[in-house]
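# Remarks on the overall topology
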Amino acid sequence: MKLKTVIKNVLLGSVAGLAMVGTAAAADLPVKAKAAEYVKICSTYGAGFYYIPGTDTCLKVGGYVTADTYYTDIDAKSRYTSPDLLIRNSDDPDGQSYFLTRVGVQLDARTQTEYGTLRSYFEGRFNAGEDYGFGQEIETGEFDFSDGSVNSAQMKYGYIQFAGFTFGRATSAFDFWAGDGWQGIQPGSFYSDTTLNVVQYTADFGNGFSATIALEDSYGREDQYANFVELDGQQVPDIVANIAYEGTWGAFKIAGAYHQIGNYDPLTPDLAPFFSSDDSGWAALAGVRFDFAETTTLYVEGAYASGAPGYLGLAGTIPVVDLYGNGIAGWYVGGALIHYWTPSVFTTLVGSYTQSDNFQTEYAFVYGPVTDPSVVSGIASTDFTGYNVGVNIGWVPVKGLTLVLQYDYLSAEYAGTDYINTAAVSTEATQNRITFSAKRSF
């Protein structure tokens, strides 16, 4: 009996010891890690959106790189013709080749709320290279001649959208066609395509119809001289409204704008009582887009403005008011025909034509030897005429990469008559430009 008791005690002690060893070994094992929180796809707003970890906000990160090569040839001429004097000046410099590169970064964040989607959007652009010739400036959109370096960073878009409202830097509610069809960093000229600070409200009526009312920063439509001299600053922002439709066959928009001119003092006060002094400007636009068989798109657009040249893409090209305080009126028509021959090959015909009404302006023609120049000056009734037409062919060899070869021709002319000197005066510039553009979007 004693032997059985001893064996029993030994076995029980062994089991207890093994249990203690097992417990000690288990205490030394590493604690199991929590499951990793992977980024989840957000399919609510389309491809490319992901949930920001720990939130219910969906974010899409994208961007692009555009690399352009240009060759530009310019010919500028001026002429003064009177019964007693003929003056001709010509400037035909050699053609110039130059390069421009742009990098764009895009962020699109959206959150679903009880009032609908809360969205914030940002696009930053970084430009580097040279800028030569006539055209719309990269930073300002103004039409003028330039010859210099371009190294800049700019916020193209930065806005919040909520319950039909848009706050921040966005496309003007006035614009529609906005130069679709032009390729490259330096587009064509003579149309309305403006990004500026806005407060907009859009009402969606369903079935593709909508209407927008907006307060927009008038500084974004004019050059510095117009803003601080002709317009006397901004007392009232531009008031813009539109009615738009988007459907299976295409789209259309009708838009109007009010543009305050301000307290402008005519430069010829002795003659001012015989002329009006406008204190407000306005603009109207109508545009339509036709989509044919998913391969062809046609844009047609026209606009008219009085005392608001920025709505014609002519900020800095013609003044807001003339020498006597009269608002200067003008118009443009433009559009583009874009056709895809295959899913990867397309061609485009694009262009616009613009013309102002007559306006009173000062002029000066310098002639004679450099050591003893003579000057003919006066006040002429002048108008501005310009057009820009282009054609391009593009190839999309792989998704996200577009290669384009483009040619365009531009003509810009001021022409008028000085009744006092019985003279005709004109200044004209023409430009031939070839562009090769490579763009990678992601």
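Residues numbered from 1 in each chain as written. Predicted model: local features only at pLDDT ≥ 70, side-chain atom pairs only at ≥ 80, totals over all residues. Heavy atoms only, no water.

### Re the overall build of the protein
If you tally the helices and strands in the protein, you get 2 helices and 19 strands. Here the protein, with 442 residues, has 41% of them falling under the buried criterion. Across the protein, the fraction of contacts at a sequence separation of at least 24, relative to all contacts at a separation of at least 6, is 62%. Accessible area of the protein: about 23300 Å², with a carbon and sulfur share of 61%. (Helix = DSSP H or I, 4+ residues; strand = E, 2+ residues; numbered from the N terminus. Buried < 20%, exposed > 50% of the residue type's maximum accessible area, 1.4 Å probe, protein only. Contact = heavy atoms within 4.5 Å. Areas by Shrake-Rupley, 256 points an atom, 1.4 Å probe, with all protein chains shown as cover.)

### Focus: the pattern of salt bridges
Tallying each qualifying case throughout the model produces 7 salt bridges. Close ionic contact of Arg 125 with Glu 123 constitutes a salt bridge, the shortest N to O distance being 2.8 Å. Overall, the relative accessible area of 15% leaves Arg 125 in the buried class. Its salt-bridge partner being Asp 175, residue Arg 221 comes within 3.3 Å of it at the nearest N-O pair. Residue Arg 221 is found in the loop between strand 9 (209-216) and helix 2 (224-230), and its partner Asp 175 is found in the loop between strand 7 (165-171) and strand 8 (195-206); the two are separated by 46 residues along the sequence. Arg 221 sits in the buried class, given a relative accessible area of 2%. For Asp 175, a relative accessible area of 5% gives the class buried. (Salt bridge = Lys/Arg side-chain N within 4 Å of Asp/Glu carboxyl O.)

### Considering the pairing of strand 18 (residues 401-418)
The pairing of strand 17 (residues 374-395) with strand 18 spans 15 bridges and is antiparallel. What sits directly across from Asn 388, in strand 18, is Leu 410. The antiparallel pairing of strand 17 with strand 18 creates a hairpin that spans 5 residues between the two strands, and Gly 400 there sits at a positive phi of about 95 degrees. Summarising the sheet, strand 18 and strand 19 (residues 423-441) pair through 18 bridges and their orientation is antiparallel. Paired with Leu 401 across the strands is Arg 440, a residue of strand 19. Counted between consecutive antiparallel strands, the loop separating strand 18 from strand 19 contains 4 residues, among which Thr 422 sits at a positive phi close to 50 degrees. (Pairing = 2+ DSSP bridges.)

### Some points on a nonpolar patch on the surface
Together, Leu 118, Ile 160, Phe 165, Phe 167, Val 199, Tyr 201, Ile 213, Leu 215, Val 236 and Ile 239 make up an exposed nonpolar region whose accessible area comes to about 790 Å². Sorting the residues of the nonpolar patch by element identifies strand 7, strand 8 and strand 9 as the ones contributing at least two each. Structurally, Leu 118 is set in strand 5 (residues 116-136). (Patch = residues over 30% accessible without salt bridge, like charges linked within 9 Å, V, L, I, M, F, W, Y side chains within 5 Å.)

### Looking at the nonpolar core
With 31 residues, the main nonpolar core has Phe 174, Trp 177, Val 240, Leu 285 and Tyr 311 as its most contacted residues. Broken down by secondary-structure element, the contributors of at least two residues to this core are strand 11 (250-260), strand 12 (280-292), strand 13 (296-306), strand 14 (329-342) and strand 18. Among residues more than four places away in sequence, those in contact with Tyr 311 are Phe 174, Ser 192, Arg 221, Asp 238, Val 240, Ala 257, His 259, Ala 283, Ala 303, Ala 305 and Tyr 332. Counting residues in each nonpolar core, the second largest holds 8 residues, with Ile 87, Phe 365, Ala 380 and Ala 423 among its members. (Core = buried A, V, L, I, M, F, W, Y, C linked by side-chain atoms within 4.5 Å.)

### Details of the layout of surface pockets
Empty space within the second largest pocket amounts to approximately 290 Å³. Lining the second largest pocket are 18 residues, and of these Thr 361, Glu 362, Tyr 363, Tyr 414 and Thr 427 lie nearest its centre. Among the elements that make up the lining of the second largest pocket, the one with the highest residue count is strand 16 (residues 359-367) (6 residues). Classifying every residue of the lining of the second largest pocket gives 10 nonpolar, 7 polar and 1 charged. (1 Å grid on protein atoms, 1.4 Å probe; cavity = no way out; pocket = protein on both sides within 12 Å on 5 of 7 lines; lining within 4 Å. Points joined across faces, edges and corners; volume = space filled by probe spheres on them. Nonpolar A, V, L, I, M, F, W, Y, C, P; charged D, E, K, R; others polar.)

### With respect to the packing of aromatic side chains
Counting across every chain of the model gives 25 aromatic pairs. Measuring from ring centre to ring centre gives 5.5 Å for Trp 282 and Tyr 304, while their planes differ by 40 degrees; the resulting arrangement is tilted. With Trp 282 in strand 12 and Tyr 304 in strand 13, this pair connects stretches of sequence that are 22 residues apart. Overall, Tyr 304 belongs to the partly exposed group, its relative accessible area being 32%. In this structure an aromatic cluster arises from ring pairing among Phe 209, Tyr 245, Trp 249, Phe 252, Phe 290 and Phe 292. Lying over the aromatic face of Tyr 311, Arg 221 brings its terminal NZ or CZ to 4.0 Å of the ring centre. In this arrangement the basic side chain of Lys 439 is found over the ring face of Tyr 64, its NZ or CZ atom lying 4.6 Å from the centre. (Phe/Tyr/Trp six-rings, centres within 6.5 Å; stacked < 30°, edge-to-face > 60°. Lys NZ or Arg CZ within 6 Å of the ring centre and 35° of its normal.)

### Observations regarding the confidence of the model for the protein
Close inspection of predicted coordinates is inappropriate in any region flagged by low pLDDT. For the protein, per-residue confidence averages 86 on the pLDDT scale, and residues scoring 70 or more make up 84% of the total. Across residues 10-27, confidence stays below pLDDT 50; counting only partners more than four residues off in sequence or on other chains, it has 0 contacts. (pLDDT = per-residue confidence, 0-100.)

### Considerations on the state of the cysteines
Per the counting criterion, the structure on display carries 1 disulfide. Here Cys 42 connects covalently by a disulfide to Cys 58, the sulfurs 2.1 Å from one another. Torsion about the S-S bond of the Cys 42 and Cys 58 cystine: about 80 degrees, corresponding to right-handed handedness. Placement of Cys 42 in the loop between helix 1 (2-28) and strand 1 (50-51) and of Cys 58 in strand 2 (residues 57-81) is noted, with a sequence separation of 16 residues between them. Classification of Cys 58 by relative accessible area gives buried; the value is 2%. (Disulfide = S-S within 2.5 Å.)

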